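Here's the letter readout for the chains.
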Amino acid sequence: MKTIKSICCIGAGYVGGPTMSVIAQKNPNIKVTVVDLNQQRIADWNDQDLSKLPIFEPGLDQVVEEARGRNLFFSTQVDEAIDEADMIFISVNTPTKTYGKGVGMAADLKYVELCARQIARVATSDKIVVEKSTLPVRTAQAIKSILDHTGNGVKFQILSNPEFLAEGTAMTDLANPDRVLIGGEQTPEGKKAIEALVNIYGAWVPKTQILTTNLWSSELSKLVANAFLAQRVSSINAISELCEATEANVEEVAKAIGMDSRIGPKFLKASVGFGGSCFQKDILNLVYISKSLGLNEVADYWEQVIIMNNHQRNRFANNIVSNLYNTVSGKKIAFLGWAFKKDTNDTRESAAIYVADKLIDEQAQISVYDPKVSATQMQSDLNYLNTRTETENKTYLKTKTDPYKALESAHAIAVLTEWDEFKDYDWQRIYEAMIKPAFVFDGRNVLDQEQLKAIGFQVQSIGK
Ligand code: UDX
Ligand code: UDX
Ligand code: ADP
């Protein structure tokens, strides 16, 4: 296999953008071009003002500044970049299907298939095609079939290289990954392709941390890693409800079990529910694949993780209503946070959307402050649920750019994202501006409960 001189990445999103920025930073001799159909997104990636980058990720701006224009390029010229590249990453979105067979469960692979067809049409030299998007097991086979049957007679090798970065810590996750996983065909050509990608990561990742497997193990490992992580969150959330019904404290329980090295301390934070583009989608994928194979017990086992997560969100909303004397109609409920976790502007599957929807069903007035999420994004998230008209959503959901304005005259505050800045607010001032009794529902256990209680707040948190 010749050395890789040029890489193209299709999809300039939360995965493609940061990953390619780091690959370019660490491999200055390789030209990396990230392409996207979305012109505005590419314009934002090219903006001289680095605060305009289309995704907010701590540390990303410095890496882009270092590599952009040197060997990192963002472009809408998809065909050109494909043809020029020795290696092409597919990093497009694979949302859960919203129509037809497998609706609400299976991954919609239309964007991936379109990419494969485009590569087949355009390529005039041999290519290595790398699956970066999360995909159901055996997608590589579909990509290969399209490439081999519709291409211009050039040779393709397919690799699976799942992404394990978490948003908010993407840059450190990429710089110091626990492992890099590369799956490929176990033929001489397949092994050469694997080697080519190993060398790219080898520019900064120790070889002992680069695992190589067959294609299917790699594809499945991605789904399983996310399913196990999500399962930990649902497990601790199930225990949080039990703690609330007893005298136990979920933080004490999490600490006690986490010190068992077989369990480990990470990912045991009880919350209003997990969100993000991966967890729910990947588990639904796992469930769908299992069902398709007739493995009903396996499917039911994993589906329970989602059922528990939906329950946790609903429980949080219901708890607000019951504490506010069983009615929130016409009451202002202020949300602190809308993103699915701190340090990102991503809102996909955020618990905040579902909690807002449920409270609006009860005719509450929602007033939101999030340091990184725009009003347009919040409206579009709520509209996507299709519960009511866009006009109605607009009258019930308001966004404020000043947290104190969002909280003024509220009956209750709900913390939906664990942004650090919330801890440092002037809580005395907030208390004075609220309707009494002033309630705080901390869905992330980030605020100092004792301090708030001393001021006069009625405080409820998760699992205490
Ligand atoms: C996840 C995986 O961690 C990452 O490896 C994969 O590549 C993509 O999916 P991400 O969704 O970006 O990453 O964030 P993550 O930190 O995993 O958090 C997911 C959700 O779980 C968030 O809503 C977070 O708030 C929630 N969570 C996480 C908890 O509620 N409690 C925890 O203890 C950990
Ligand atoms: C368990 C707990 O580990 C221990 O902390 C508690 O005090 C008592 O219960 P024990 O039942 O003695 O201890 O053994 P353990 O090693 O946990 O194994 C339990 C069962 O799980 C065994 O049948 C074991 O074969 C099985 N197991 C364990 C697996 O099948 N796979 C594994 O990866 C680990
Ligand atoms: P992820 O979190 O997986 O990165 P995003 O939605 O953030 O998902 O990014 C995926 C990107 O892929 C979007 O910007 C979308 O415009 C782009 N995309 C989807 N299909 C194609 C395609 N056929 N060609 C180029 N870009 C595409």
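From a predicted model like this one, the values you see are computed outputs, not experimental measurements. (Residues numbered from 1 in each chain as written. Chains lettered and ligands numbered in written order. Predicted model: local features only at pLDDT ≥ 70, side-chain atom pairs only at ≥ 80, totals over all residues. Heavy atoms only, no water.)

Quick look at the sheet that holds strand S10 (residues 365-369)
Argument step 1. Read from one edge of the open sheet, six strands run S11-S10-S9-S12-S13-S14, paired in parallel fashion. In the strand order of this sheet, the two ends are held by strand S11 (397-399) and strand S14 (458-461), each with one partner. When strand polarity is set aside, the average angle formed by the axes of neighbouring strands in this sheet is 20°.
Argument step 2. By the bridge criterion, three bridges tie S10 to S11 in an arrangement that is parallel. Bridge pairing in S11 places valine 368 opposite threonine 399.
Argument step 3. Packing of helix H12 (residues 296-323) onto the sheet brings it into contact with strand S9 (332-336), strand S12 (412-415), strand S13 (439-442) and S14, and relative to S13 it is tilted by some 165°. (Pairing = 2+ DSSP bridges. Helix = DSSP H or I, 4+ residues; strand = E, 2+ residues; numbered from the N terminus. Axes fitted to C-alpha atoms, helices over the stretch in contact; angles between N-to-C directions. Contact = heavy atoms within 4.5 Å.)

A closer look at the pairing of S12
Argument step 1. Of the two faces of S12, the one holding Ala412 and Ala414 and the one holding Ile413 and Val415 are both buried throughout.
Argument step 2. Where S9 meets S12, four bridges bridge the pair, whose relative direction is parallel. Across the sheet, residue alanine 334 finds its bridge partner in S12, namely isoleucine 413.
Argument step 3. With four bridges connecting them, S12 and S13 associate as parallel partners. Residue pairing in the sheet places alanine 412 in a bridge with phenylalanine 439 of S13.
Argument step 4. Viewed along the sheet, the connection from S12 through helix H17 (residues 427-433) into S13 turns out right-handed. (Buried < 20%, exposed > 50% of the residue type's maximum accessible area, 1.4 Å probe, protein only. Right-handed = clockwise from strand over helix to strand, strands pointing away.)

What to know about the environment of proline 177
Argument step 1. Here proline 177 shows up in the loop between helix H7 (170-175) and strand S7 (180-184).
Argument step 2. Of the residues examined, proline 177 reaches a relative accessible area of 14% and is grouped as buried.
Argument step 3. When the C-alpha positions of proline 177 and valine 32 are compared, they lie 20 Å apart, and in sequence the two are 145 residues distant.

Some thoughts on the domain arrangement of the protein chain
Argument step 1. By domain assignment, the protein chain separates into domain 1 (6-200), domain 2 (224-305) and domain 3 (307-461).
Argument step 2. Centre-to-centre separation of domain 1 and domain 3, based on C-alpha positions: 36 Å.
Argument step 3. With nine residues of domain 1 in contact, the opposing surface of domain 3 contributes eleven residues.
Argument step 4. Around 760 Å² of area is buried between domain 1 and domain 3 when both sides are counted, 47% of it from carbon and sulfur atoms. (Domains from an automatic or database assignment. Buried area = accessible area lost by both parts, 1.4 Å probe.)

Remarks on the site of ligand 1
Argument step 1. Near ligand 1 there are 20 residues, and of these Phe164, Glu167, Ser271, Lys341 and Arg444 occur at the shortest range.
Argument step 2. With respect to ligand 1, the backbone of leucine 165 contributes an N or O atom lying 2.8 Å from an oxygen atom.
Argument step 3. Looking at the shell around ligand 1, the element that brings in the most residues is helix H9 (residues 215-244), giving four residues.
Argument step 4. Broken down by class, the residue content of the shell around ligand 1 amounts to eleven nonpolar, three polar and six charged. (Near = heavy atom within 4 Å. Polar contact = N/O pair within 3.5 Å; in protein donor to acceptor, adjacent residues only side chain to side chain. Nonpolar A, V, L, I, M, F, W, Y, C, P; charged D, E, K, R; others polar.)

Notes on the environment of leucine 336
Argument step 1. Counting through the fold element by element, leucine 336 comes out in strand S9.
Argument step 2. Sequence spacing of leucine 336 and lysine 394 is 58 residues, and the spatial spacing of their C-alpha atoms is 18 Å.
Argument step 3. Residues within four places of leucine 336 in sequence aside, it is in contact with Tyr369, Leu407, Ile413, Ala414, Val415, Leu416, Thr417, Phe422, Tyr425 and Trp427.

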